[in-house]
Amino acid sequence: MPESHQILSVAQMRTAEEALIARGSSVEALMDVAGRGAADWVWRVAARHRVTVLCGPGNNGGDGYVIAQAIRERGGDAVVVAAYPPQTPAARNARNFYSGEVLARSVEARGEVFVDCLFGSGLTRPLQLDDEALIAQLAAAHHHRIAVDVPSGVQSDTGMLLAGHLCRFDLTVALGAWKFAHFLRPAAGLMGALHLIDIGVEPIESAAQAIVRPSLKRPAPDAHKYTRGLVALVAGAMPGAAVLAATAAQRAGAGYVRIFSEHTGQVPSDLVLSTDPLGEALEDGRIAAVLVGPGLGRDADARERLAVALAAEIPAVIDADALVLLSPRNLSERTAPIIATPHEGELLALERAFECEATGSKAERALAIAQATGMIIVSKGPDTLVAAPDGRLACAGVASSWLSTAGTGDVLAGVIASRLANGREPFESACEGVWLHAEAARLSPPAFTAGELARAIPQALGACL
Ligand SMILES: NC(=O)C1=CN([C@@H]2O[C@H](COP(=O)(O)OP(=O)(O)OC[C@H]3O[C@@H](n4cnc5c(N)ncnc54)[C@H](O)[C@@H]3O)[C@@H](O)[C@H]2O)[C@@H](O)CC1
Ligand SMILES: [K+]
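What you see is a predicted model; the values in this text were computed from it and never measured.

Okay, the UniProt feature "domain: YjeF N-terminal" (unreviewed entry) in the protein chain next. Residues annotated by UniProt as "domain: YjeF N-terminal" (unreviewed entry) correspond here to residues 13-207. From the first C-alpha to the last, residues 13-207 spans 10 Å; its make-up is 34% helix and 20% strand.

A word on the coordination of the potassium ion (ligand 2). Coordination sphere of the potassium ion (ligand 2), protein contribution only: Asn60 (OD1), Asp116 (O), Phe119 (O), Val148 (O) and Val150 (O), at 2.6 to 2.9 Å. Mapped onto the sequence, the donors of the potassium ion (ligand 2) take the spacing N-x55-D-x2-F-x28-V-x1-V. Here Asp116, found in strand E5 (residues 111-117), pairs with Val150, found in the loop between strand E6 (142-148) and strand E7 (171-175); they are 34 residues apart in sequence, far enough to count as distant. Assessed through its relative accessible area of 0%, Asp116 is described here as buried.

Further remarks concern the packing of helix H14 (residues 426-443) against helix H15 (residues 450-462). Geometrically, a packed helix pair is captured by the angle between its two axes and the distance between the axes. Between H14 and H15, whose axes approach to 8 Å, the crossing angle comes to 105 degrees. Viewed along their axes, H14 and H15 adopt a mutual orientation that is roughly perpendicular. Every residue of H15 that contacts H14 at Trp435, Leu436, His437, Glu439, Ala440, Ala441 and Leu443 is listed here: Leu453, Ala456, Ile457, Gln459, Ala460 and Leu461. Residue composition of the contact of H14 with H15, grouped by class: 10 nonpolar, 2 polar and 1 charged.

What follows concerns the sheet that holds strand E2 (residues 50-55). If you trace the 7 strands from one edge of the open sheet to the other, you get E4-E3-E2-E5-E6-E7-E8, paired in parallel fashion. Taken across any chain shown, the strands that pair with only one partner, and hence form the sheet edges, are strand E4 (102-104) and strand E8 (193-197). With direction set aside, neighbouring strand axes in the sheet form an average angle of 25 degrees. Two strands pair when backbone bridges link them, and E2 and strand E3 (residues 77-82) are joined in this way by 6 bridges, in the parallel orientation. Looking at E3, one finds that Val53 is bridged to Val80.

As a further point, take the site of ligand 1. Among the 22 residues in the neighbourhood of ligand 1, the closest are listed as Asn60, Asp63, Gly120, Arg125 and Asp149. A distance of 2.8 Å is found between an oxygen atom of ligand 1 and a side-chain nitrogen or oxygen belonging to Asn60. A distance of 3.0 Å separates an oxygen atom of ligand 1 from a polar backbone atom of Gly122. In isolation ligand 1 has 880 Å² of accessible area, and contact with the protein removes 85% of it. Those elements that place two or more of their residues in the shell around ligand 1 are helix H1 (10-22), helix H2 (27-46) and helix H3 (59-73). In terms of residue count, the dominant contributor to the shell around ligand 1 is H3 (3 residues). Grouping the amino acids of the shell around ligand 1 by side-chain chemistry returns 11 nonpolar, 7 polar and 4 charged.

Definitions and limits used
- Residues numbered from 1 in each chain as written.
- Chains lettered and ligands numbered in written order.
- Predicted model: local features only at pLDDT ≥ 70, side-chain atom pairs only at ≥ 80, totals over all residues.
- Heavy atoms only, no water.
- UniProt positions renumbered as here; feature names shortened; annotations may be inferred.
- Helix = DSSP H or I, 4+ residues; strand = E, 2+ residues; numbered from the N terminus.
- Donors = N, O, S within 2.8 Å, 3.2 Å for Na, K, Ca; no water.
- Buried < 20%, exposed > 50% of the residue type's maximum accessible area, 1.4 Å probe, protein only.
- Axes fitted to C-alpha atoms, helices over the stretch in contact; angles between N-to-C directions.
- Parallel < 35°, antiparallel > 145°, perpendicular 65-115°, else oblique.
- Contact = heavy atoms within 4.5 Å.
- Nonpolar A, V, L, I, M, F, W, Y, C, P; charged D, E, K, R; others polar.
- Pairing = 2+ DSSP bridges.
- Near = heavy atom within 4 Å.
- Polar contact = N/O pair within 3.5 Å; in protein donor to acceptor, adjacent residues only side chain to side chain.
- Areas by Shrake-Rupley, 256 points an atom, 1.4 Å probe, with all protein chains shown as cover.

See the structure below:
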């Protein structure tokens, strides 16, 4: 992935900054590039209307002075509210180059655009109540709100809030690299539109990545249904969810989808329902991926079918009931890759089953359970992320809230199984599936059903060809 898609922790950002300084830059020069880049966005929103920049004590505050100065140099109207005097050398330097008005925090500033440069990634303790009140008052006294790097009061590495209440921003301008707070809730829900200013940060090898539009290929000229991937969907008592997942797998490009269920029932004519004994059926060497979970049920029969499905040593996606039934015994001899797609409740069930403590950020929890199980974990929710046992991590950001409807998880599992059957590397399959699913939701009209979401997958796929 290009460097601009990396997501850095505060510590990694510091390392990246040191590397740039070692190559001849300086904190002041980086602040100037970052601040002027952010000022371009502020200018687009404000034009010549009044901008109020709230500056804090650290380098985020320093960025604020650069922004205010850049707006003034363009002939705009910017003032600074200094909540604290600048305390770092670079922030003091930026203050010295700022030629405009500096207001005390007690002055009630009004205007068109409020720019929040009180704290950035250096926030280490909860916001003081008077700072929280100052942000709220300035946010209310302006028509537009822009946060620089991250909104003040969010923890950069976790997306948690270090404040009781924070306002929503229309736009957040990230500096140098994405931070976890741009992708993880609750912080990510406050950011509005996101833009990144490039300050020359080099790629860091172990960095997490943003999930971006994948580049996919059409089927080869000589493709047939098996080369495009045969997905086996191991269902149980409730084939409805399995049909939904199977439809999504077809729509995401699989050449052939077979549902295995002991229960006969109506399935669409372009799907195959097989009641053959599962163990024998899964011996078909053409099966490229197994999906087990949607419509499986939770009884003894379901447990047995899960065990048989995983014993088949075919790359697998496990979801829904399968996540609740999974035990360490199922994985003790397993070598083929597994992608698990838990929502919060299913993640807790996995953490209990594999004796993993449910602590830390969403990213830390996903990495811990990935390491404990050896599975790739797609930790679903409004801010889905993908974690691998080898430490790879990819974040999708906040998706459409219309996805909060029954069956959308079955669709996601089907799409990921489809990518896996297509021969993609498992971690990439998971990321591609997450992107296609979110994009299909974005393309769908409000209040879509899971079936409509599945039918929108080809349009999302089309954007990747
Ligand atoms: N790392 C880099 O390469 C770059 C960083 N830049 C900016 O630098 C920012 C980070 O700067 P800093 O590390 O100076 O951090 P901040 O500007 O976020 O603020 C840190 C300061 O606030 C104090 N503080 C922390 N929590 C507080 C609280 N609750 N109440 C009162 N004071 C509190 C700290 O003691 C410290 O003095 C980034 O967010 C970004 O805006 C940019 O200038 C571009 C380059
Ligand atoms: K900020």
